[in-house]
Amino acid sequence: MLSNKITVKSLSLSSFVRSENIDSIDLVKMDIEGSETEVLCDLDKHNYLKNVERIVLEYHHNMCKQKTDLSMLLSLFEKNDFGYQIDAKCASANYKNKFQDVVLYCYKND
């Protein structure tokens, strides 16, 4: 177990988009170890998802026995007019509560 802690200043994606006056985003790619829902909900709250064309994210399903919110994420995408493809692999017949990386490929519907 590591005993050294490092404090890192962070900036929300929505505040970055707002501060840079970004009107259009071609691609958002996320691999942020369980914080995807928080970031996407914040973008939705500030109405910035409407400006995003594509999102690729790695979602950690059943990570450290945390409550899964995959259905909420999918609802968020549908609400914001995204279609999506899901890439998920589960190689074990013993799949109950098994940690799983899920990749979501999201795109604006035409």
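Residues numbered from 1 in each chain as written. Predicted model: local features only at pLDDT ≥ 70, side-chain atom pairs only at ≥ 80, totals over all residues. Heavy atoms only, no water.

Visitor: Kindly report on a nonpolar patch on the surface, identifying the contributing residues and their values.
Guide: Together, Leu-11, Leu-13 and Phe-16 give the surface a local cluster of nonpolar side chains, amounting to about 270 Å² of exposed area. Its place among the elements puts Leu-13 in helix H1 (residues 13-19). (Patch = residues over 30% accessible without salt bridge, like charges linked within 9 Å, V, L, I, M, F, W, Y side chains within 5 Å. Areas by Shrake-Rupley, 256 points an atom, 1.4 Å probe, with all protein chains shown as cover. Salt bridge = Lys/Arg side-chain N within 4 Å of Asp/Glu carboxyl O. Helix = DSSP H or I, 4+ residues; strand = E, 2+ residues; numbered from the N terminus.)

Visitor: Any details on the nonpolar core? Residues and values, ideally.
Guide: Grouped together as the largest cluster of nonpolar side chains are 21 residues, with contacts concentrated most on Leu-40, Leu-49, Ile-55, Leu-57, Phe-77 and Leu-104. Mapped onto this core, the elements with two or more residues apiece are strand E1 (25-30), helix H2 (36-45), strand E2 (52-61), helix H3 (70-79) and strand E4 (100-108). Here this core gets five residues from one element, more than from any other, and that element is H3. Contact partners of Leu-104, with chain neighbours within four places excluded, come to Ile-55, Val-56, Leu-57, Leu-70, Leu-74, Phe-77, Gln-85 and Ile-86. (Core = buried A, V, L, I, M, F, W, Y, C linked by side-chain atoms within 4.5 Å. Buried < 20%, exposed > 50% of the residue type's maximum accessible area, 1.4 Å probe, protein only. Contact = heavy atoms within 4.5 Å.)

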